[in-house]
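The primary structure of each chain is shown beneath.
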Amino acid sequence: MELRNNLQTTTGWEIIETGFDPQQIVATGSNLMIGNGYLGYRGTFAEWEADQFVACIVTDTYDRAEGGRLRELCNVPNALFTQLFVDDDLLTATEDQISGYQRGLDLRYGRYHRTMHWQSSQGVAVALRTERFASLDNHHLIAMRYRFEADKDTQLVLITGIDGRVWSLNGEHLQDYHLIETEGTIAIETTTVEFGIKIDVVEGLHITGSEPVENDIVREDRRILRRIVFDVAAGQLIEIQKLVGIYTSNDVDDPFDTAVDGVLQAVAGGYEALEVKHQKRWDTIWRDVDIQIEGNLEDQVITRFNLYHNIIHTPTHARLPIGARGLSCQVYQGAAFWDQEIFNLPMFIYTWPAVARNILAYRYDTLDGARAKARRLGYQGAYYAWTSGKTGKELFPDYFFIDVLSGRKLHNHFNSWQIHISPDIVYAIWQYYQATGDQDFIVQYGAEIAFEVARFIVSRIHLKKDKNRYELLRVIGPDEYHEGVDNNAFTNYQARLALSVALECHQMLQAHAPDQLRALMARLELGEEAVGDWQDIVDRIYLPQPDEETHLIEQFDGYFQLEDTRPDVIRQRLKHPEEYWGWPIGIAVETQVIKQGDVVQLLALHDDFPYEVIQANFDYYEVRTEHGSSLSPSVHALVAAKAGYNDRAYAYFRESATIDLYATSKKVMSGGSFLGGIHTAACGATWQIIVQGFAGLKVEQDCLILQPALPTSWTSLGFRVYYRSNLLTLTITRTSVAVESVVGNREAITVQVGAASNVLQPGDEAHFTL
């Protein structure tokens with residue numbers, strides 16, 4: 001099936017690029033990348049260098065370059081670097097020299113491949129096939145197979161090894177390069193500038209098909225390479241297997257020896273053996289995560305593309321953040337935003353609960369960073385970083401955007417006024433608990449997070465005695481164009497929910513873990529008066545209510561008094577196409593035009609609003625939304641599905657799910673900074689739109705509820721979910737819903753579809769008519 005941008009698919013499990021477009025190398029490098037949560041390797045050509053945005057980004061390598069302004073993950077030396085020369089011509093994708101070109105990604109097994117026929121200036125034709133994967137069996141290994149054959153007797157020169165001349169967005173992070181040859185392997189050992197993290201990249205090689213006539217090690221500036229010369233006969237196939245190990249001193253005490261040992265074992269075992277183990281891991285993951293769509297092959301492959309990327313950019317091996325651009329590049333520093341809990345997490349809650357637990361436990365590990373931020377700003381409790389790395393300290397700068405008209409830095413307050421990040425984390429904890437029933441998590445981690453966020457809200461909120469209510473002043477909601485607003489509806493509702501969760505956790509521990517509760521309250525120096533404060537705010541916090549006539553919820557105090565206009569109208573006011581639209585002087589600030597869903601985001605997370613309120617607010621805010629964030633289309637898809645606007649929900653689904661694959665997103669921001677990479681939140685949101693939107697899945701009062709409305713072109717939808725440690729298989733058609741409680745489940749599950757409900761015992765299957 002032909003897709004857009006020279007792409008096609010056959011089975012819905014692969015993305016194939018059939019024509020090379022040099023203008024798309026930023027997008028295709030991200031889209032076709034491999035990864036395993038520990039590292040991400042961009043889908044670039046083996047012969048490319050830093051100028052073509054080659055990158056291998058590794059988790060837990062946060063570092064600030066000398067003179068740099070941002071602390072970010074490091075791009076480590078590239079050990080897949082391989083160049084093939086014929087008659088002194090470099091084999092690469094040039095339009096006048098190649099035919100039979102294909103580059104693609106096998107989504108089922110996370111495997112990149114490239115095939116092409118190339119002709120030298122002297123008329124020698126070479127057939128090339130390369131493939132590679134980032135091992136899921138051993139997260140520190142990458143494997144590449146590089147095959148080539150010529151149509152004539154000729155001499156071929158292969159340059160392969162480790163290229164340490166890396167692409168870095170915000171300065172050079174690596175120093176003290178040591179080029180090493182040992183036990184048949186070659187390596188680069190280097191350290192980071194700020195923290196002195198030792199990084200070891202080791203490469204082992206296995207050659208079949210021909211004995212080299214020359215095989216030398218060449219050392220250059222930040223490079224250690226093998227120069228291998230072959231005299232080949234026509235049609236003689238040569239295969240190079242490269243096995244690469246990457247370790248840092250944050251992983252193990254002796255990263256060099258560990259990497260060497262791992263590579264030697266991989267070389268001895270061979271590419272195929274490593275691949276088999278890797279594929280078994282993927283089979284296990286897809287068994288629970290996959291979504292099957294019948295009737296629309298394009299939607300099927302788009303969906304799997306997004307699920308794949310949500311998986312490979314999530315550190316399933318450790319308690320580390322999911323970056324807003326994952327491991328695809330250094331944009332947004334490899335750090336977590338609120339996206340992690342609100343957009344990435346739900347898929348894991350219902351398909352891979354152990355990973356969901358890890359993601360939330362990361363927030364427990366970073367509590368001290370959140371406490372430090374709160375103290376620095378004059379508050380108590382836990383105010384989580386807007387941009388959070390390993391420690392939870394705030395990574396986001398005060399000055400992020402540049403005014404393109406004056407060249408001056410703009411002071412934004414995302415890291416000091418966007419307080420909803422802390423309640424969002426508590427919201428996510430409660431979503432996890434409701435779906436899993438994991439009381440142990442609440443006792444060990446969740447209650448402490450909730451209590452500290454509650455303490456922060458108490459210290460941040462204002463009691464308006466004249467109105468006998470609590471208010472949250474000078475904040476930023478999801479709409480970042482309007483800063484310093486009062487009583488942002490989304491923030492107030494989330495704050496109340498966070499306090500309610502803190503009270504629920506307190507009651508739970510009182511009933512089931514009283515000793516742990518006493519110890520926790522003593523350690524946090526919280527008395528029962530604090531619990532009384534939480535309840536008082538829950539009772540008296542100002543929650544903007546829907547208007548009785550219009551049903552509209554005002555986004556923040558005074559919003560309806562701003563100029564009522566539309567994005568296309570104010571776009572004409574720009575004096576430069578890269579002007580920032582928001583605070584302090586942007587074209588949207590004094591208008592009702594918003595960056596992304598804000599009240600719509602509220603409606604996506606809170607299910608207690610009546611149908612007419614959802615419709616009225618969606619209709620009102622949709623036309624005033626610029627969709628300046630990749631988060632916006634997905635939340636509009638979710639709420640459009642809730643509102644019964646099926647066609648609009650599907651249109652937003654397509655917009656959100658293709659933001660990367662069809663390269664529709666911004667590649668630069670205000671001031672010209674690089675903004676490429678995978679939008680991991682949009683990837684995670686694809687699962688939400690389908691399962692929680694089109695299938696209408698939600699948990700309510702110990703019941704799993706489905707309210708399906710499939711897109712017109714879909715004939716059926718299938719997926720699996722875990723609910724309270726019980727696995728369910730669901731199949732939805734246009735006229736029916738089938739739910740199977742898998743044999744081996746431990747308890748009965750109540751499932752409701754429309755007005756009908758059924759209690760499923762383990763091994764039961766229920767059928768509902770729509």
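About the cut-offs
Residues numbered from 1 in each chain as written. Predicted model: local features only at pLDDT ≥ 70, side-chain atom pairs only at ≥ 80, totals over all residues. Heavy atoms only, no water. Helix = DSSP H or I, 4+ residues; strand = E, 2+ residues; numbered from the N terminus. Buried < 20%, exposed > 50% of the residue type's maximum accessible area, 1.4 Å probe, protein only. Contact = heavy atoms within 4.5 Å. Patch = residues over 30% accessible without salt bridge, like charges linked within 9 Å, V, L, I, M, F, W, Y side chains within 5 Å. Areas by Shrake-Rupley, 256 points an atom, 1.4 Å probe, with all protein chains shown as cover. Salt bridge = Lys/Arg side-chain N within 4 Å of Asp/Glu carboxyl O. Lys, Arg positive; Asp, Glu negative; His and termini not counted. Charge placed at Lys NZ, Arg CZ, Asp CG, Glu CD. Pairing = 2+ DSSP bridges. Axes fitted to C-alpha atoms, helices over the stretch in contact; angles between N-to-C directions. Core = buried A, V, L, I, M, F, W, Y, C linked by side-chain atoms within 4.5 Å. Arc of directions from axis to C-beta. Parallel < 35°, antiparallel > 145°, perpendicular 65-115°, else oblique. Left-handed = near helix turned anticlockwise from the far one by under 90°. 1 Å grid on protein atoms, 1.4 Å probe; cavity = no way out; pocket = protein on both sides within 12 Å on 5 of 7 lines; lining within 4 Å. Points joined across faces, edges and corners; volume = space filled by probe spheres on them. Nonpolar A, V, L, I, M, F, W, Y, C, P; charged D, E, K, R; others polar.

### A word on the overall build of the chain
Check the secondary structure of the chain and you find 19 helices and 33 strands. By its C-alpha atoms, the chain is 90 × 60 × 60 Å across when sized along the principal axes. Per-residue burial for the chain yields a buried fraction of 62% across its 770 residues. Pairs at least 24 apart in sequence give 67% of the contacts found in the chain among residues at least 6 apart.

### Comments concerning a negative patch on the surface
On the surface, Glu 183, Asp 253, Asp 254, Asp 257 and Asp 261 cluster together into a patch of negative charge. You can see Asp 257 is positioned in helix H2 (residues 255-269). Look at Asp 257 and you get partly exposed, because its relative accessible area is 40%.

### Description of the sheet that holds strand S21 (residues 292-294)
Sheet architecture is open: five strands sit in the order S21-S28-S29-S30-S33, paired in antiparallel fashion. Strands with a single pairing partner mark the edges of an open sheet, and in this sheet they are S21 and strand S33 (765-769). Direction aside, neighbouring strands of the sheet carry axes that sit 15° apart on average. Relative to strand S30 (residues 736-741), strand S29 (residues 726-733) is paired through five bridges, and the arrangement is antiparallel. Opposite Leu 728, over in S30, you have Ser 741 as the bridge partner.

### Section: the sheet that holds strand S18 (residues 214-220)
Hydrogen bonds along the backbone pair up the strands of a sheet, which may run parallel or antiparallel. Across the sheet, which stays open at both edges, the five strands sit in the order S9-S8-S14-S19-S18 with antiparallel pairing between neighbours. On the outer flanks of this sheet lie strand S9 (89-90) and S18, each paired with one strand and no other. Inspection of the sheet shows S18 paired to strand S19 (residues 223-232) by seven bridges, in the antiparallel sense. Residue pairing for S19: Asn 215 is matched across the bridge by Ile 228.

### Considering the nonpolar core
Phe 148, Ile 246, Phe 451, Trp 534, Leu 717 and Phe 719 are the most contacted members of the largest nonpolar core, which totals 230 residues. Ranked by residues supplied to this core, first place goes to helix H11 (residues 489-512) with twelve residues. Those residues within four positions of Trp 534 in sequence are excluded, and the remaining contacts are Phe 451, Ala 454, Arg 455, Val 458, Leu 499, Ala 502, Leu 503 and Leu 526. Counting nine residues, the second largest nonpolar core, distinct from the first, contains Ile 57, Leu 73, Trp 167 and Leu 675.

### Overview of the environment of Arg 571
Tracing the sequence through the fold places Arg 571 in helix H14 (residues 567-571). Considered as a pair, Arg 571 and Ala 372 are 199 residues apart in the sequence and their alpha carbons are 40 Å apart.

### Looking at unusual backbone geometry
A cis amide bond links Trp 583 to the next residue, Pro 584, at an omega of 0°. Position of Pro 584 among the secondary structure elements: in the loop between H14 and helix H15 (599-605). Here Asp 60, not a glycine, exhibits a phi torsion of approximately 55°, which is positive. A relative accessible area of 9% places Asp 60 in the buried class. Of note in the backbone geometry, Glu 183 takes a positive phi value of approximately 50° without being a glycine. Position of Glu 183 among the secondary structure elements: in the loop between strand S15 (174-182) and strand S16 (185-192).

### Concerning the pairing of S15
Sheet topology note: the S15/S16 ladder contains seven bridges and is antiparallel. Paired with Ile 180 across the bridge in S16 is Ala 187. Linkage of S15 to S16, two consecutive antiparallel strands, is achieved through a turn of two residues, within which Glu 183 is found at a positive phi near 50°.

### Description of the pattern of salt bridges
The full count for this structure, using the stated rule, is 51 salt bridges. Arg 371 is the salt-bridge partner of Asp 368, the closest N and O atoms lying 2.9 Å from each other. Taken together, the residues span about one helical turn, with Asp 368 and Arg 371 both in helix H7 (residues 367-376) at a distance of three residues. Its salt-bridge partner being Arg 518, residue Asp 515 comes within 2.2 Å of it at the nearest N-O pair.

### Details of helix H12 (residues 514-524)
Restricting attention to buried positions, one finds in H12 the residues Leu 517, Leu 520, Met 521 and Leu 524. Along the axis of H12, the buried residues cluster in a sector spanning 95°; they form a single face. Looking at H12, the residues exposed on the side facing more than 90 degrees away from the buried face are Asp 515, Arg 518, Ala 522 and Arg 523. As for H12, its buried residues are in contact with H7, helix H10 (439-460), H11 and helix H13 (528-540). Positive phi shows up at Glu 525, right after H12, with a value of about 55°.

### What about the packing of helix H18 (residues 646-657) against helix H19 (residues 680-694)?
Packed helix pairs are characterised by how far apart their axes lie and by the angle those axes make with each other. Here H18 crosses H19 at 160°, and the two axes come no closer than 9 Å. In this view, H18 runs roughly antiparallel relative to H19, as classed from their interaxial angle. For the element pair H18 and H19, the recorded crossing hand is left-handed. On the side of H18, the interface is formed by Ala 649, Tyr 650, Phe 653, Ser 656 and Ala 657, while H19 contributes Ala 682, Thr 686, Ile 689, Ile 690 and Phe 694.

### Let's talk about the side chain of Asp 438
On the secondary structure map, Asp 438 appears in the loop between helix H9 (421-436) and H10. Of the residues examined, Asp 438 reaches a relative accessible area of 15% and is grouped as buried.

### Describing the environment of Leu 73
Residue placement: Leu 73 occurs in the loop between strand S7 (71-72) and strand S8 (78-86). Residues Leu 73 and Asp 60, spaced 13 residues apart in sequence, show a C-alpha to C-alpha distance of 7.0 Å. Excluding anything up to four places from it in sequence, Leu 73 contacts Ile 57, Val 58, Thr 59, Asp 60, Thr 61, Tyr 62, Leu 327, Gln 330, Gln 333 and Gly 334.

### Things to note about the layout of surface pockets
Approximately 1,400 Å³ is the volume found for the largest pocket. Breaking the lining of the largest pocket down by element, the ones donating at least two residues are helix H5 (339-351), H9, H11, H15, helix H16 (611-622), helix H17 (632-642), H19 and strand S26 (698-700). If one sorts the elements of the lining of the largest pocket by residue count, H9 sits on top with seven residues. Here the residues of the lining of the largest pocket sort into 26 nonpolar, twelve polar and ten charged.

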